[in-house]
Amino acid sequence: QVQLVESGGGLVQAGGSLSLSCSASGRTFSHYVMGWFRQAPGKERDLVAAIGKSGLIKFYTDAVKGRFTISRDNAKNTVYLQMNSLKPEDTGVYYCAAATGDYRLKYDASRYDYWGQGTQVTVSS
């Protein structure tokens, strides 16, 4: 089993920044495609960003392009989400997820095998 632990959530004013981290257990972190999802109250859990096993391939949903950056450090078993120019609509619970298997990015939550507990991000207007 893979354990994922998120940190960095909190309350920030619109226009501000937050950095999220997700640390994974085990010795095979570099074998996982990683993703960040978010879920607002009453909404579906949607992909925010994904990153390939080596960090060379990345995906961002249109809503966060140009504002968020996903990265990973395989030597530290950690994936990051840098969030800049935050908007109230970015508010939600952010989840880190890991996918085993092939190298391709995954866009559907059902394709991810392990999940963190979630961390609350609240952006005030």
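A brief look at the structure comes next. (Residues numbered from 1 in each chain as written. Predicted model: local features only at pLDDT ≥ 70, side-chain atom pairs only at ≥ 80, totals over all residues. Heavy atoms only, no water.)

Quick word on the state of the cysteines
Consideration 1: Taken as a whole and judged by the stated rule, the model has one disulfide.
Consideration 2: Between the sulfur atoms of C22 and its disulfide mate C96 the distance is 2.0 Å. One quick way to see it: the torsion about the S-S bond of C22 and C96 is about -75 degrees, and its sign makes the bridge left-handed. Here C96 lies in strand β9 (residues 92–99) and C22 lies in strand β3 (residues 18–24), a separation of 74 residues in the sequence. As far as the burial class goes, C22 and C96 line up, both buried. (Disulfide = S-S within 2.5 Å. Helix = DSSP H or I, 4+ residues; strand = E, 2+ residues; numbered from the N terminus. Buried < 20%, exposed > 50% of the residue type's maximum accessible area, 1.4 Å probe, protein only.)

What about the packing of aromatic side chains?
To describe a pair of aromatic rings, you give the distance between the ring centres and the angle between the ring planes.
Consideration 1: The full count for this structure, using the stated rule, is five aromatic pairs.
Consideration 2: When the ring of F37 is compared with that of Y112, the centres are 5.2 Å apart and the planes differ by 85 degrees; the resulting orientation is edge-to-face. A residue pair is termed long-range when its members are at least 10 positions apart, and F37 in strand β4 (residues 33–39) and Y112 in the loop between β9 and β10 (114–115) qualify at 75 residues.
Consideration 3: Taking the centre distance of 4.9 Å and the plane angle of 55 degrees together, the rings of F37 and W115 count as tilted. (Phe/Tyr/Trp six-rings, centres within 6.5 Å; stacked < 30°, edge-to-face > 60°.)

Observations regarding unusual backbone geometry
Consideration 1: Phi angles above zero are rare outside glycine, and N77 is one such case at about 55 degrees.
Consideration 2: Of note, N77 is situated in the loop between β7 (68–73) and β8 (78–83).
Consideration 3: The class of N77 is buried, set by a relative accessible area of 14%.
Consideration 4: Positive phi, normally seen in glycine, also occurs at S85, with a value near 50 degrees.

Section: the sheet that holds strand β1 (residues 4–7)
Consideration 1: Across the sheet, which stays open at both edges, the four strands sit in the order β1-β3-β8-β7 with antiparallel pairing between neighbours. The open sheet has two edge strands, β1 and β7, and neither has a second partner. Adjacent strand axes in the sheet meet at a mean angle of 15 degrees, parallel and antiparallel pairs treated alike.
Consideration 2: The pairing of β1 with β3 spans four bridges and is antiparallel. In the strand pairing of β3, E6 is matched with C22. (Pairing = 2+ DSSP bridges. Axes fitted to C-alpha atoms, helices over the stretch in contact; angles between N-to-C directions.)

A closer look at the pairing of β4
Consideration 1: Of all the seven residues making up β4, six are buried; the element is thus mostly covered by neighbouring parts of the structure.
Consideration 2: By the bridge criterion, seven bridges tie β4 to β9 in an arrangement that is antiparallel. Bridged to Q39 within β9 is V93.
Consideration 3: Alignment of β4 against strand β5 (residues 46–51), held across five bridges, turns out to be antiparallel. Following the sheet pairing, F37 is matched in β5 by L47.
Consideration 4: Following β4, the chain reverses through six residues before pairing antiparallel with β5; G42 in that reversal takes a positive phi of roughly 75 degrees.

Function-wise, these values are silent; they only describe arrangement.
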